[in-house]
There are 2 protein chains.
Amino acid sequence: MKRGLRLGIDLGGTQVKLALVDGGGRVVSLKKVDTPPVPRAMVSAIKKTLAPWFDRSLLGTGVGVAGDVDSHRGVVRISPNLGWKNVPLKKMFSEAGLPRPLYVENDATAAAWGAYHVELKRRSRNLIVLTLGTGVGGGLVLEDRLYRGASGSAGELGHMVIDPKGPACPCGTRGCLESFVGGVQLVRYARRSFRREGKPVPAELTPHVLYRAARRGEKAAKRVWERVGRALGTGLSNLINILNPDTVLLCGGVAGAAPLFLPHARAEMERSGFAAARRAVRLRVSTQNQHLGVVGAALLVP
Amino acid sequence: MKRGLRLGIDLGGTQVKLALVDGGGRVVSLKKVDTPPVPRAMVSAIKKTLAPWFDRSLLGTGVGVAGDVDSHRGVVRISPNLGWKNVPLKKMFSEAGLPRPLYVENDATAAAWGAYHVELKRRSRNLIVLTLGTGVGGGLVLEDRLYRGASGSAGELGHMVIDPKGPACPCGTRGCLESFVGGVQLVRYARRSFRREGKPVPAELTPHVLYRAARRGEKAAKRVWERVGRALGTGLSNLINILNPDTVLLCGGVAGAAPLFLPHARAEMERSGFAAARRAVRLRVSTQNQHLGVVGAALLVP
């Protein structure tokens, strides 16, 4: 990894994060922009915001996008969050004059690359990063390299089916990991189960509200986190049996509730018989670093 | 891959296969030995059988074992099929004078390596091999390299849980892929469902008997294969979403029934929303090559 500064861009559903990042993964400067999710308008807004940074000699630009990305061509094939389809982002940023070379990846894949460098300090050889937010994303670093798969789509860990009779998911299946663990879906489940039990449903129900309720000892909220933990435990067991990683890192907002769901996840994992793989893995929770996505994007520039 | 001959050994539950294999993966000579599964007796029997081959200048020995293998140290941590626990196979074969260097791997991992060289002719970069036999094993070749994971345990694809209310498996979980698709388990299910429906149960019920019955149009047998297909489809979708391979190869005896179960697997896979990953993968069935395991073991020798 060369010294010098890279430009990182993290394109989320509601906000764009821009950062100058050094070779050690430190954020030197950070900006946040609210932009309309129309590709052309977004690119202009980003260009305008970045103008003051352009006089620096930047090594290149890395972009993380919430969606399915063809990283070879730098095209966002589909992004439900942004409402995009076949957006040639690399070409558009290049024409807008952003520092080259340009790299475009799925945002969770970029976050995994950031976690590998910053959180794990490259001391993990086989790393699975699971991003627990409104949805569930994932990224893989295998044999010390970012693993992209055949079409750059690898790491859709949230859509692993763990129960064919589970909740419906917009991905088209029932009972994928996200349908149990994703922020939107777990809140939906909580609302329904509160109603069924005749409990009052808070006006603004969020994972954080559910976290505090469970912390106060409210049983219905605790059961929601138990369900999250059990589903996560099954998902983690599967990933560990398949990939035998040395580290699994949980990040994203919902990971903050780990003290409530992780014991249930571990209990579920204990049931699986493959002790060697289970013993080989460290399960870590990252709630500190808010900027793994944008840092990882920047570090796509070698 | 050097020219010249390697020795391959495939240690199964009931039989040991020994082969001389050239750098192109061709079997030059093959022997089968029935041996007691006691490690020391087995090593002696293999040594005796191999003696006529020892005058050749062999490049080394590769061994595939049904079980969880520490490939770094060459120790079989546990093999339920052979009844082994912590058997230092590499050391024992080395002391018996087998050609060095010696490599020991899980048998399905070795078979994946054989498939990569022989069936795919190294034209697959990211390959998943699923071995459908009495149980379900797996092996991964990622970025053109055999993927072993942190403790050499990667590729336990058969024990991915796809339905927490599914059949119990000796691995300790319920509803793993093997509990639906493994030969032993699918026969057990067929027997039970025949009885429930008041149908006669053939004295010797095997996957092959069920295959022929379904071919003759027997509905109960067809339903068994439909269930196998649906479960396999879920498992394959999960693997494709996680690893985005360019090729999935189904091998092993049960794969011979692919014409009966694959349409159901494909229908299940179509339900998942990740079109890019699904379009990137070729699904192949290998029923030809009986020797992928022993060839892959031999080709562990570089």
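Residues numbered from 1 in each chain as written. Chains lettered and ligands numbered in written order. Predicted model: local features only at pLDDT ≥ 70, side-chain atom pairs only at ≥ 80, totals over all residues. Heavy atoms only, no water.

## Comments concerning helix 3 (residues 107-118) of chain A
Residues and elements named next belong to chain A.
- Taking 1.5 Å as the rise per residue, helix 3 with twelve residues should run 16 Å; its terminal C-alpha atoms sit 16 Å apart, in good agreement.
- Burial runs high along helix 3: eleven of the twelve residues are buried.
- Within helix 3, burial applies to Ala-108, Thr-109, Ala-110, Ala-111, Ala-112, Trp-113, Gly-114, Ala-115, Tyr-116, His-117 and Val-118.
- Where helix 3 begins, one side-chain oxygen reaches toward the backbone nitrogen of Ala-108, 2.8 Å away; that side chain belongs to Asn-106. (Helix = DSSP H or I, 4+ residues; strand = E, 2+ residues; numbered from the N terminus. Expected span 1.5 Å × (residues − 1). Buried < 20%, exposed > 50% of the residue type's maximum accessible area, 1.4 Å probe, protein only. Polar contact = N/O pair within 3.5 Å; in protein donor to acceptor, adjacent residues only side chain to side chain.)

## Let's talk about the interface of chain B and chain A
- In this assembly, 45 residues from chain B lie in contact with 45 residues from chain A.
- When chain B packs against chain A, the two sides together hide about 3,400 Å² of surface, and 56% of this comes from carbon and sulfur.
- Considering only the side of chain B, the residues that lose the most area to chain A are B:Tyr147, B:Ile242 and B:Phe274, jointly responsible for 18% of the buried surface there.
- Counting across the interface, chain B meets chain A through two salt bridges.
- Those elements giving two or more residues to the side of chain B that touches chain A turn out to be strand 10 (136-142), helix 7 (219-243) and helix 9 (275-279) of chain B.
- When residues in the side of chain B that touches chain A are grouped by element, the largest group, six residues, is from helix 7 of chain B.
- When the residues that make up the side of chain B that touches chain A are grouped by side-chain class, the tally is 19 nonpolar, 15 polar and eleven charged. (Contact = heavy atoms within 4.5 Å. Buried area = accessible area lost by both parts, 1.4 Å probe. Salt bridge = Lys/Arg side-chain N within 4 Å of Asp/Glu carboxyl O. Nonpolar A, V, L, I, M, F, W, Y, C, P; charged D, E, K, R; others polar.)

## Quick word on unusual backbone geometry
- In this chain, A:Arg100 is followed by A:Pro101 through a cis amide linkage whose omega measures -5 degrees.
- As for its placement among the helices and strands, A:Pro101 is situated in the loop between helix 2 (89-95) and strand 8 (102-106).
- Even without glycine at this site, A:Lys121 takes up a positive phi of about 50 degrees.
- One non-glycine residue, B:Asn86, adopts positive backbone phi at about 50 degrees.
- Among the structural elements, B:Asn86 can be located in strand 7 (residues 84-87).

## Here we look at the confidence of the model for chain A
- Averaged over all residues, the pLDDT of chain A is 93; the fraction at 70 or higher stands at 99%.
- Interface confidence in the predicted complex, given as ipTM, is 0.94; pTM for the same model is 0.94. (pLDDT = per-residue confidence, 0-100.)

## Describing the environment of A:Arg271
- Within the fold, A:Arg271 resides in the loop between helix 8 (258-270) and helix 9 (275-280).
- Taking the C-alpha atoms as reference points, A:Arg271 and A:Phe180, separated by 91 residues in sequence, lie 19 Å from one another.
- What A:Arg271 contacts, discounting residues up to four positions off in sequence, is B:Cys171, B:Gly172, B:Thr173 and B:Arg174.
- At 2.7 Å, the side chain of A:Arg271 and the side chain of A:Glu268 are in polar contact.

## Description of the sheet that holds strand 12 (residues 247-251) of chain A
Residue and element names in this part refer to chain A.
- Here five strands make up an open sheet; going across it, the order is 11-10-9-12-13 and the pairing mixed. Bordering the open sheet on either side are strand 11 (145-146) and strand 13 (282-285), each of which pairs with just one other strand.
- In the sheet, strand 9 (residues 127-132) pairs with strand 10 (residues 136-142) via six bridges, with the strands oriented antiparallel. Paired with Leu-130 across the strands is Gly-138, a residue of strand 10.
- Sitting on the sheet, helix 7 (residues 219-243) is in contact with strand 9, strand 10, strand 12 and strand 13, with an inclination near 155 degrees to strand 9. (Pairing = 2+ DSSP bridges. Axes fitted to C-alpha atoms, helices over the stretch in contact; angles between N-to-C directions.)

## Focus on the packing of helix 7 of chain A against helix 8 of chain A
Residue and element names in this part refer to chain A.
- In the contact formed by helix 7 and helix 8, the axes pass within 7 Å of each other and the chain directions differ by 45 degrees. With respect to helix 8, the axis of helix 7 lies oblique. As helix 7 runs across helix 8, the sense of the crossing is right-handed. Counting all contacts with helix 7, which are made through Trp-225, Glu-226, Val-228, Gly-229, Arg-230, Leu-232, Gly-233, Thr-234, Leu-236, Ser-237 and Ile-240, the residues of helix 8 involved are Leu-260, Phe-261, His-264, Ala-265, Glu-268 and Met-269.
- Of the residues contributing to the contact of helix 7 with helix 8, the split by class is nine nonpolar, five polar and three charged. (Parallel < 35°, antiparallel > 145°, perpendicular 65-115°, else oblique. Left-handed = near helix turned anticlockwise from the far one by under 90°.)

## What about the nonpolar core?
- Within the largest apolar cluster, 100 residues are counted, with the highest numbers of intra-cluster contacts made by A:Trp225, A:Phe261, B:Trp225 and B:Phe261.
- Excluding residues within four positions of it along the chain, A:Trp225 makes contact with A:Leu186, A:Pro207, A:Leu210, A:Tyr211, A:Ala214, A:Val254, A:Ala257, A:Leu260, A:Phe261 and A:His264. (Core = buried A, V, L, I, M, F, W, Y, C linked by side-chain atoms within 4.5 Å.)

## Some remarks on the packing of helix 7 of chain A against helix 7 of chain B
- Contact geometry for helix 7 of chain A and helix 7 of chain B: axes closest at 12 Å, N-to-C directions at 75 degrees. By the angle between their axes, helix 7 of chain A is roughly perpendicular relative to helix 7 of chain B. Together, A:Leu239, A:Ile242 and A:Leu243 of helix 7 of chain A and B:Leu239, B:Ile242 and B:Leu243 of helix 7 of chain B make up the contact between the two elements.
- Looking at the contact of helix 7 of chain A with helix 7 of chain B residue by residue, the classes come out as six nonpolar, no polar and no charged.

## Quick word on the relation of the copies chain B and chain A
- Note on the copies: chain B fits chain A at an RMSD of 0.0 Å, the axial shift is 0.0 Å, and the rotation between them is 180 degrees. One copy is carried onto the other by what is essentially a two-fold rotation axis.
- Residue by residue, 100% of the interface of chain B is reproduced at the interface of chain A, so both copies engage with the same surface. (Least-squares fit on C-alpha atoms with pLDDT ≥ 70 in both.)

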